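# Per-entry structural report
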Amino acid sequence: MESGKFIVIEGLEGAGKSTAIRIIKSAIESAGHKVLTTREPGGTPMAEAIRDCVKNDWESEEITIEAELLLMYASRVQLLENVIKPALQRGEWVVGDRHDMSSRAYQGGGRQIPANMIEPLRTITLKGFTPDLTLYMDVTPEEGLKRARGRGELDRIEQAGLEFFERTRKAYLGYVKSEDNVVMINTMQNLEKVHAEIKQTIVNYMSQACIPG
Ligand code: T5A
């Protein structure tokens, strides 16, 4: 059986990932594929517990940036081995709300953890596994946080401050330039245009991915 594809949506808070995922899921299903959606951190019982851990504000105890990094990869490997890989092997397509690029952008760029400290964790947990396509939804931190605030209280990571998100965005923009299979969507334009670009990107990808050879 042909294995499925792993499509990842990345971006800062308020980039509009939730709507993008709905559009992508519907386009892939229309082409006759079964779709599973995932989120990171999270997606298995243990990974969801880790999600609560990293999003919580622990008041008397500061979460170190090293613990935050390790927890992101612990959550990721649980999801990858228990959910993502089995689904791909069953021929399903998986649409992920965040994956490895989030850690490299937030913990690498935002928290300024050097790449040579992140790399060994990637080797241990991912073992060379990479998404087939990544859609990076670009938004300025000002606009993204304004949208996120409109939805309710900001969580621990969302309270990290504008400079943190500027560094995170800069890291994302670097990966868009330097890595293959990454498409950037500018979300600071007319919403209909944003949605049309997302749909076109996935339709183009499917037409290429489904050509044998
Ligand atoms: N994290 C995660 C790390 O630090 N390292 C890692 O390795 C990983 C995996 C996850 C947090 O963990 C961090 C990143 C995050 O801080 P989360 O709750 O999953 O926590 O946070 P997000 O993934 O950022 O989820 P959000 O819901 O905040 O972002 P979305 O999904 O991009 O935003 P969305 O779609 O819900 O939109 C937010 C609001 O904006 C509006 C929407 O209607 C909604 O109200 N909106 C727009 N408004 C106007 N114009 C547009 N173009 C709009 N797009 C959306």
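In the block above lies the structure referred to throughout.
First, a word on what this report is: a plain description of the structure on this page.

The rules behind the values
- Residues numbered from 1 in each chain as written.
- Predicted model: local features only at pLDDT ≥ 70, side-chain atom pairs only at ≥ 80, totals over all residues.
- Heavy atoms only, no water.
- Phe/Tyr/Trp six-rings, centres within 6.5 Å; stacked < 30°, edge-to-face > 60°.
- Helix = DSSP H or I, 4+ residues; strand = E, 2+ residues; numbered from the N terminus.
- Buried < 20%, exposed > 50% of the residue type's maximum accessible area, 1.4 Å probe, protein only.
- Arc of directions from axis to C-beta.
- Contact = heavy atoms within 4.5 Å.
- Pairing = 2+ DSSP bridges.
- Axes fitted to C-alpha atoms, helices over the stretch in contact; angles between N-to-C directions.

Attention now moves to the packing of aromatic side chains. Counted according to the given criterion, the structure contains seven aromatic pairs. Centre to centre, the rings of F6 and F129 are 5.6 Å apart; their planes meet at 35°, and the pair counts as tilted. Placement of F6 in strand 1 (residues 6–11) and of F129 in the loop between helix 5 (115–126) and strand 4 (133–138) is noted, with a sequence separation of 123 residues between them. The class for F6 is buried, based on a relative accessible area of 0%. Measuring from ring centre to ring centre gives 6.3 Å for Y106 and Y172, while their planes differ by 85°; the resulting arrangement is edge-to-face. Pair noted here: Y106 is in helix 4 (residues 100–110) and Y172 is in helix 7 (residues 162–178), with a separation of 66 residues, a long-range link.

Within the span of helix 2 (residues 45–55), buried status applies to A47, I50, R51 and V54. Buried residues of helix 2, seen end-on, are gathered within an arc of 110° and therefore sit on one face of the element. Looking at the buried side of helix 2, the elements it contacts are strand 2 (35–39) and helix 3 (65–89).

What follows concerns unusual backbone geometry. For the peptide bond that leads from E40 to P41, omega is -10°, which places it in the cis range. Secondary-structure assignment places P41 in the loop between strand 2 and helix 2.

The strand order across the open sheet formed by five strands is 2-3-1-4-5, and the pairing between neighbours is parallel. Strand pairing shows two members of the sheet lacking a second neighbour, strand 2 and strand 5 (182–186), which therefore form its edges. Neighbour-to-neighbour, the strand axes of this sheet turn through a mean angle of 20°, independent of strand direction. As defined by bridge partners, strand 4 adjoins strand 5 across five bridges and the pair is classed as parallel. Its bridge partner being in strand 5, L135 is matched across the sheet by V183. Packed on one face of the sheet, helix 1 (residues 17–30) meets strand 1, strand 2, strand 3 (93–97) and strand 4 and runs near 160° to strand 1. The strands touched by helix 4 are strand 1, strand 4 and strand 5; relative to strand 1, the strand with the most contacts, the crossing angle is about 20°.

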